[in-house]
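# Commentary on secondary and tertiary structure
Spelled out from the first residue to the last, the chains are:
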Amino acid sequence: MSVIEKLAVISDTVTKLMNFALTDETVKPDFDEYLTTLSAKNADSAKIQSLLIPYIFERRLTSDKKTIIELYEEKNPDIIKEEKEILQSLSKSFSSIFEVRRVLSNGFELFNLVNEKMYRILSLVKMNNFRGITPGQYTLCRIFPMRDEYYLLEVSNVISSINKEEVYKYAIAKIIERPEDAYEGNPKKLEQVETVVKDFAKKFEECFNCDEIITTNVYADNLINIFNTYCDEGIKPSKDEIEANIKQVETNRYYTVEDFKNNYSNFMEKSLEGFSSHSGVYDIAIIYDKELGLFVLPFYQTLCKIYEVEDYKTIQGYKDCIKSFLENDKINANIIKRIANKYPCFMERTNEILGTSYTFDELLNYYKPDSLEKKIYSSASVLYTSKIFEQMMNAVSTKEEQVQKHKEGIDYTNVGRNDKCPCGSGKKYKNCCMPRE
């Protein structure tokens, strides 16, 4: 099969998948509901198509959580060998934020900011369709591997090089949302993550003499900072310092914390504010899983209480609490296993509350299929290895230092950008204490 023929078969297969999603009796109603939740039910065809691509490759349907591609293959058992191979390749597609390094005659050289790997990408369409994309810009796009090559499936956004800070925020948010994206496809990055998880497991035990701490959101940030300081500087906290930050909530209850509703544009600011800035007081567990890393879990103690006390119905929001832990993709199967191992009544009570009849394996297969199929390290542990995250935090620290200098009573009135900074550093004002947006 020639290159042109191969590209034609790939494009034809993608078109068939899209038509399937728009017409199949199982998929179409779900896609219509998906559009409704995004307020895009009456959007134009171009907008609907842009939403259809991520829907096809990220959505799972039916009771056994099958992908759109799996459903397509079930209903089209006679597809040709080449198409089946393409479908298997498409199932491995992923979306990320890339820096454009080179524009080629048949594609691009792109650097993935999330997993820190360079990709040579072949385009399925003529390159004049991407006339506005130039080196130095950033693209949000979806690619897929096939026979040791990568193909461009879609470009959903192009971002100017002057918006680097926003791009970095987006990359970090992608890591938090799907930490596995930061190391999949990059063996060196995976090795770094594995080393960090192993080393920090020992340090967590040395720092706190346990692998699980229960406190409240008011004190959680302090404990996390204590651990970070121990990792960075080797300064071990005293027993009194740790105990001063371990507090219990007056009443265990579950409720919606509005502060968790962050988006890509504000998550860094919200994250830096910390848990202590949230309205209300709730319990938080700081857990170190030796296999997967550091987890910070709001309402973990409340969840445990549901299985500890005889009358669990006295706990406000008990059903929603269980559902939140099961339905949240960021909470790994290992956390559910930890709780189940603590409480012999776990499955009986869970089925009673949810009105189900799962076995434990069935429960995990339904709610946590991804973390059963592959090892997903905690986002906190993965961020420790991210160069983008390190650069962003350094930039934040620099801004904080500048703000602090301005608070020390130095007179910055009428100081020009290129004047020597009044703080005495010898640098120009613009390169030192001048506030940056």
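Residues numbered from 1 in each chain as written. Predicted model: local features only at pLDDT ≥ 70, side-chain atom pairs only at ≥ 80, totals over all residues. Heavy atoms only, no water.

### Some thoughts on the overall build of the chain
Within the chain, the regular secondary structure consists of 18 helices and 10 strands. Based on the C-alpha atoms only, the size of the chain along its principal axes is roughly 70 × 70 × 40 Å. Counting every position in the chain, which comprises 437 residues, the buried fraction comes to 45%. When contacts within the chain are restricted to residue pairs at least 6 apart in sequence, long-range pairs at least 24 apart make up 62% of them. Positive and negative side-chain charges in the chain, numbering 59 and 69 respectively, have mean positions lying 5 Å apart. (Helix = DSSP H or I, 4+ residues; strand = E, 2+ residues; numbered from the N terminus. Buried < 20%, exposed > 50% of the residue type's maximum accessible area, 1.4 Å probe, protein only. Contact = heavy atoms within 4.5 Å. Lys, Arg positive; Asp, Glu negative; His and termini not counted. Charge placed at Lys NZ, Arg CZ, Asp CG, Glu CD.)

### Description of the sheet that holds strand S4 (residues 107–112)
The sheet built from 5 strands closes into a barrel, its strands ordered S3-S4-S5-S7-S6 with mixed pairing. Taken over all neighbouring pairs, the strand axes of this sheet differ in orientation by 55° on average, direction set aside. With 3 bridges joining them, strand S5 (residues 117–123) and strand S7 (residues 149–159) adopt parallel strand pairing. Residue pairing in the sheet places Leu122 in a bridge with Tyr151 of S7. Contacts from helix H3 (residues 45–58) reach strand S6 (138–146) and S7, with the element oriented near 135° to S7. This element, helix H5 (residues 81–90), spans S6 and S7 of the sheet and lies at about 135° to S6. (Pairing = 2+ DSSP bridges. Axes fitted to C-alpha atoms, helices over the stretch in contact; angles between N-to-C directions.)

### Some thoughts on helix H7 (residues 187–208)
The terminal C-alpha atoms of H7, which comprises 22 residues, lie 31 Å apart, in line with the 32 Å expected from a rise of 1.5 Å per residue. Those residues of H7 not exposed but buried are Lys189, Val193, Val196, Val197, Phe200, Ala201, Phe204, Cys207 and Phe208. The inward-facing, buried residues of H7 abut strand S8 (212–216), helix H8 (217–233), helix H9 (239–243), strand S9 (283–289), strand S10 (293–298) and helix H17 (379–383). Phi for Asn209, located one or two positions after H7, is positive at around 60°. (Expected span 1.5 Å × (residues − 1).)

### Focus on the confidence of the model for the chain
When pLDDT is averaged along the chain, the result is 89; 91% of the residues meet or exceed 70. The element-level mean pLDDT for the chain is lowest in helix H10 (residues 267–273), coming to 50, with helix H14 (residues 346–354) highest at 98. Here residues 263–268 is a poorly scored stretch, pLDDT under 50, and it has 15 contacts once near neighbours within four places are set aside; other chains count. (pLDDT = per-residue confidence, 0-100.)

### Some thoughts on the packing of aromatic side chains
Overall, the coordinates contain 27 aromatic pairs when judged by the stated rule. Between Phe200 and Tyr384 the ring centres are 4.7 Å apart and the planes differ by 80°, which places this aromatic pair in the edge-to-face class. Remark: Tyr384 occurs in the loop between H17 and helix H18 (387–406) and Phe200 occurs in helix H7; sequence separation between them is 184 residues. For Tyr384, a relative accessible area of 33% gives the class partly exposed. (Phe/Tyr/Trp six-rings, centres within 6.5 Å; stacked < 30°, edge-to-face > 60°.)

### With respect to the packing of helix H2 (residues 27–37) against H3
Axis separation between H2 and H3 bottoms out at 11 Å; the angle between their running directions is 115°. For the element pair H2 and H3, the recorded crossing hand is right-handed. Listed contacts from H3 to Val27, Asp30, Phe31, Tyr34 and Leu35 of H2 are Ile48, Leu51, Leu52 and Tyr55. (Left-handed = near helix turned anticlockwise from the far one by under 90°.)

### Here we look at the pattern of salt bridges
A full pass over the atoms with the stated rule returns 25 salt bridges. Here Asp12 ties to Lys16 by a salt bridge, and the two come within 3.5 Å at their closest N and O atoms. You can see Asp12 and its partner Lys16 sitting in helix H1 (residues 3–23), 4 residues apart, about one turn around the helix. The exposure class assigned to Asp12 is partly exposed, which follows from its relative accessible area of 38%. Linking Arg178 and Asp181 is a salt bridge whose minimum nitrogen-to-oxygen distance equals 3.1 Å. Salt bridges here are not isolated pairs; linked through shared partners, they connect Asp211, Glu212, Arg338 and Lys342. (Salt bridge = Lys/Arg side-chain N within 4 Å of Asp/Glu carboxyl O.)

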